[in-house]
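A structural walkthrough
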Amino acid sequence: MSQQSVPPTPTNFAVWFEYSLGSSLALRKTIDILIAGKRKFDPATNHELYITYVAQAGTDPFGDLPDQLGGLIETAQQFLNTAVTDNRSHIEALGEVSSEAAGTGDPRTIIAKLVDELSKATARAAKLEANFAATSEELDSIRDSLKAAEQRSNTDALTGLANRHSMDEFLRLAQIAAMEKDEPLSVFLIDIDHFKKFNDDYGHQVGDQVLRLVAKVLQEGVREVDLAARYGGEELIAVLPGADLQACTAVAERIRRRIAEAKLTRRATGKEIGSITVSIGVSQFRLAESAEAMIERCDRGLYQAKRLGRNRTVTETELALEPEAGAA
């Protein structure tokens with residue numbers, strides 16, 4: 001902290017203590033990149049580091065494994081213990097047969113004992129193999145269940161897009177990659193215009209249909225490397241790694257026009273519903289800032305778009321022109 005001229009405040013101590021522990025790989029990478037780039041740790045940067053990596057540190061997503069998995073591991077361990085015990089007994093029995101063979105024992109008795117021990121060993125091996133086969137099948141079932149649960153936990157059930165939790169993780173990793181590679185990263189936030197009116201006039205089923213249509217156009221309008229997610233309510237978001245503000249704005253505008261051109265009919269009657277439009281805000285990642293700060297500029301751009309008449313895209317560079325009066 002002294003070498004980087006970081007003031008010895010409690011929040012700064014918390015950040016650099018986590019850095020020295022190495023418990024947060026993301027924080028370590030971010031600070032190392034800042035140091036390598038000879039960036040100053042000014043109050044704004046120090047605050048963003050604290051908010052992003054210390055104050056909002058999440059819990060371990062793998063902290064609660066199913067009890068079923070723990071029981072399976074215990075069963076497998078019991079199988080192994082049994083196998084070790086049986087193997088030890090088998091060795092002792094063979095040792096006794098070997099001693100008899102070295103003496104004057106009856107060869108027929110020795111052979112009979114040897115065959116009996118080999119038969120027992122074969123039976124034990126077959127039983128152990130069957131137990132492990134059953135355990136393996138159960139483990140495969142658990143793995144499939146965990147994979148399905150993970151998929152559900154990362155996906156919004158209504159739209160099929162990534163959910164907020166999945167978006168937060170994707171954006172965090174995208175921020176680190178952008179700093180490491182010195183590449184741009186941009187996001188845009190979509191809000192459906194007059195969404196409440198669709199629900200009030202046609203019911204929530206039509207409102208859901210509107211949301212799914214917008215989500216479909218969004219998903220089809222971004223690249224495979226991008227992430228489209230439901231941010232909350234009628235707001236959707238897209239994260240575009242490697243795209244600067246201009247490129248991101250072009251994608252957002254193309255999606256906005258496609259949504260405005262789409263036709264939506266009410267399933268129950270086949271009657272065409274009024275046009276759907278969206279307002280969009282766009283921002284580009286700034287080195288070491290928090291995701292919240294970047295999205296906040298998107299949000300301001302989005303609401304400026306609404307104040308200017310809706311059905312338009314506003315970037316962070318246009319926020320200086322933001323009018324004083326608010327809009328409903």
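Residues numbered from 1 in each chain as written. Predicted model: local features only at pLDDT ≥ 70, side-chain atom pairs only at ≥ 80, totals over all residues. Heavy atoms only, no water.

Some words on the confidence of the model for the protein
Mean pLDDT over the protein stands at 82; residues scoring 70 or higher make up 74%. Here residues 58–65 is modelled with pLDDT under 50, and outside its nearest four sequence neighbours on either side it reaches zero contacts, counting other chains as well. Segment residues 324–328 is flagged for pLDDT under 50; beyond a separation of four residues in sequence, or across chains, it makes five contacts in the model. (pLDDT = per-residue confidence, 0-100. Contact = heavy atoms within 4.5 Å.)

Digging into the environment of A252
Here A252 shows up in helix α9 (residues 245–261). Taking C-alpha positions, A252 is 9.3 Å from V187, a pair spaced 65 residues apart along the chain. Apart from the residues within four sequence positions on either side, A252 is in contact with F188, I280, V282 and T313. (Helix = DSSP H or I, 4+ residues; strand = E, 2+ residues; numbered from the N terminus.)

Quick word on the pairing of strand β1 (residues 185–192)
For β1, a buried count of eight out of eight residues is recorded, marking the element as mostly surrounded by other parts of the structure. Of the two faces of β1, both are covered, the one formed by L185, V187, L189 and D191 as well as the one formed by S186, F188, I190 and I192. When β1 meets strand β3 (residues 235–241), the two strands line up antiparallel, connected through seven bridges. Paired with S186 across the bridge in β3 is L240. Bridge count between β1 and strand β6 (residues 278–284): seven bridges; the pairing is antiparallel. In the sheet register, V187 faces β6, and the bridge partner there is S283. (Buried < 20%, exposed > 50% of the residue type's maximum accessible area, 1.4 Å probe, protein only. Pairing = 2+ DSSP bridges.)

A short note on the packing of aromatic side chains
Within this structure, the stated rule accounts for two aromatic pairs. Ring centres of W16 and Y19 lie 5.3 Å apart, and the angle between their planes is 65°; this geometry places the pair in the edge-to-face category. Placement of the pair is W16 and Y19 together in helix α1 (residues 10–21), with a separation of three residues, close to one helical turn. When sorted by exposure, W16 lands in the same class as Y19, which is buried. Aromatic side chains W16 and F41 sit 5.4 Å apart centroid to centroid with 65° between the ring planes, which places their arrangement in the edge-to-face category. Here the residue W16 occupies a position in helix α1, and F41 occupies one in the loop between α2 (25–36) and α3 (43–55), the gap between them amounting to 25 residues. Residue classification places W16 among the buried positions, given a relative accessible area of 11%. What links up through ring pairs into an aromatic cluster is the set W16, Y19 and F41. (Phe/Tyr/Trp six-rings, centres within 6.5 Å; stacked < 30°, edge-to-face > 60°.)

As for the state of the cysteines
Summed over all chains, the structure comprises zero disulfides. Lacking any disulfide linkage, C248 is separated from the closest cysteine sulfur, that of C298, by 7.2 Å. What makes C298 buried here is its relative accessible area of 0%. (Disulfide = S-S within 2.5 Å.)

Section: the nonpolar core
One finds I31, L49, M167 and L171 to be the most contacted residues of the largest nonpolar core, which totals 34 residues. Of all elements in the fold, only α1, α2, α3, α6 (164–181), β1, β2 (227–232), β3 and α10 (291–307) reach the threshold of two or more residues within this core. The element best represented in this core is α6, accounting for six residues. With 32 residues, the next largest nonpolar core counts F188, V214, A238 and V278 among its residues. (Core = buried A, V, L, I, M, F, W, Y, C linked by side-chain atoms within 4.5 Å.)

Comments concerning unusual backbone geometry
One non-glycine residue, S5, adopts positive backbone phi at about 60°. Structurally, the position occupied by S5 is in the segment before α1. Of note in the backbone geometry, N311 takes a positive phi value of approximately 55° without being a glycine. Structurally, the position occupied by N311 is in the loop between α10 and β7 (313–315). The class for N311 is partly exposed, based on a relative accessible area of 28%.

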